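# Fold and contact review
Chain by chain, the residues:
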Amino acid sequence: MAGLEGKVDKNPKTAAVILAGGTGERFGKEGGKQLVEIAGKPILTWSAEAFDAVGDIGLIVIVCPADRKDEYLKKAIDPFPFVTPVVVAPAGSTRQESAFSGLELVPDDYEYVVMHDGARPLISPELIAHTIATLQGNIDADGAVVAHPAIDTLKVVENGVIVGTPDRSVFWNAQTPQVFRAGIYRRAHASALSDGFVGTDDSSLIERLGGRVLVVEGKRDNIKLTVPEDYLMLVAAVRERYLKQ
Ligand code: CTP
Ligand code: MG
């Protein structure tokens, strides 16, 4: 079909930014959660390896605490055979600041930036590739975000009292990866910075500029290590997926 050809970039440059600069307050382990091991490998490494395995990502930026750069490299990156070049950016005091810091290390000629929480080690190379391809195949879209439909009934609660039950079918839980066209993503960060807007994910920065962000349906098992209970689920899931004979 005429025109379709131009919609899919043949050789796009895509960089990944993996956020690993938080302090892991809710997980509650001294030293944070990014270097916590599952099956002998830090969760940050599981995440980064998935991006390495995609094959056509040109650069991986790891965002980590500035004073622990050497430790992160020594434990999570250097012992593992990454094919993709890996660079490290200093974390900020919020997730959004860390994302901006990582973005600053993405060279100007990169067309796509895919953001990921380093604390989501179960992401698969296939879902990363599918998310990127979804954006590349939709010329009118500015981004694509992995999400899954809300499964619990949602309540609006005020002062401990339920005041409403919205139609659940329009609610999705957003995860990462989230991929964006680099130009609008840079503008979205600049705009948020100048307005003092702080979002809880990357997509919200683009949405407030009126950008068009697509949803890619993922699975609930792409969980983020947030509280201690998550750890056992992650261990079981990694064993099930990678280590079972
Ligand atoms: N993150 C980051 N820089 C920050 C805060 C968060 O790079 N200043 C990263 C985390 O390392 C994590 C991802 O963003 O991979 C999602 O954040 P979250 O799960 O909230 O991690 P933490 O902020 O470390 O945990 P908590 O909120 O419990 O302190
Ligand atoms: Mg946090």
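In this convention, every chain numbers its residues from 1, walking through the sequence in written order. Chains and ligands are labelled by the order in which they are written, letters from A for the one and numbers from 1 for the other. With pLDDT at 70 or above as the cut-off, local features in this predicted model cover only qualifying residues; side-chain atom pairs require 80 or more to be listed or tallied, and sums for whole chains, interfaces and linings still use all residues. In computing side-chain properties, one takes all heavy atoms of the structure into account and sets aside hydrogens as well as water.

It is worth spelling out the site of ligand 1 at this point. Gly24, Glu25, Gln34, Ser98 and Lys224 are the nearest of the 19 residues found near ligand 1. Distance and chemistry together define a polar contact, namely a pair of N or O atoms within 3.5 Å, with one atom able to donate a hydrogen and the other to accept it when in protein, and with adjacent residues in sequence counting only for side-chain atoms on both sides. Separating an oxygen atom of ligand 1 from a backbone N or O atom of Glu25 is a distance of 2.7 Å. Within the side chain of Lys224, a nitrogen or oxygen atom sits 2.6 Å from an oxygen atom of ligand 1. Its free accessible area being 550 Å², ligand 1 has 88% of it covered by the protein chains. Because more than half of its atoms lie within 2 Å of the grid, ligand 1 is assigned to the largest pocket. Here a residue counts as near a molecule or strand whenever at least one of its heavy atoms sits within 4 Å of it. The Shrake-Rupley method, run with a 1.4 Å probe, gives the accessible areas here. Residue values count only the displayed protein chains as cover. Using protein atoms alone on a 1 Å grid, points that fit a 1.4 Å probe yet trap it form a cavity, whereas open point sets bounded by protein on both sides within 12 Å along at least five of seven lines form a pocket; residues with an atom within 4 Å of a point count as lining. Those molecules having more than half of their atoms within 2 Å of a cavity or pocket grid point set are described as sitting in that cavity or pocket.

The next point concerns the packing of aromatic side chains. Geometrically, a pair of aromatic rings is defined through the distance of the ring centres and the angle of the planes. Between the rings of Phe, Tyr and Trp (Trp by its six-membered ring), a pair exists once the centres lie within 6.5 Å; its type follows the angle of the planes, with under 30 degrees stacked, over 60 edge-to-face, and the other angles tilted. Per the stated rule, a full pass over the model turns up one aromatic pair. Ring geometry for Phe180 and Tyr185: centres 4.8 Å apart, planes at 20 degrees, overall stacked. Taking relative accessible area as the criterion, Phe180 reaches 0% and is therefore assigned buried. Accessibility expressed as a relative area gives 0% for Tyr185, which makes it buried. Burial classes follow relative accessibility: with a 1.4 Å probe on protein chains only, a residue under 20% of its type's maximum area counts as buried, one over 50% as exposed, and anything between as partly exposed.

The sheet built from seven strands is open, its strands ordered β5-β4-β1-β6-β10-β7-β11 with mixed pairing. Pairing within the sheet leaves two strands with one partner each, and these edge strands are β5 (86–90) and β11 (213–217). On average, each strand axis in the sheet is tilted by 25 degrees relative to the strand beside it, whichever way the strands run. Each of β6 (112–117) and β10 (172–181) is contacted by helix α5 (residues 182–195), which is oriented at about 115 degrees to β10, the strand it contacts most. Any two strands are treated as partners once DSSP identifies two or more bridges connecting them. Numbering goes from the N terminus for both helices and strands, where a helix is a DSSP run of H or I of at least four residues and a strand is a run of E of at least two. Only the stretch in contact is used when fitting a helix axis, every axis being a line fitted to C-alpha atoms; angles between N-to-C directions are given from 0 to 180 degrees. In what follows, a contact means two residues having at least one pair of non-hydrogen atoms within 4.5 Å.

Another aspect to go through is the confidence of the model for the chain. One confidence number per residue, pLDDT, is output by the predictor and ranges from 0 to 100. In this model, the chain carries an average pLDDT of 93, and 95% of its residues clear a pLDDT of 70 or more. The low-confidence segment residues 1–9 (pLDDT under 50) makes ten contacts with residues lying over four places distant or belonging to another chain.

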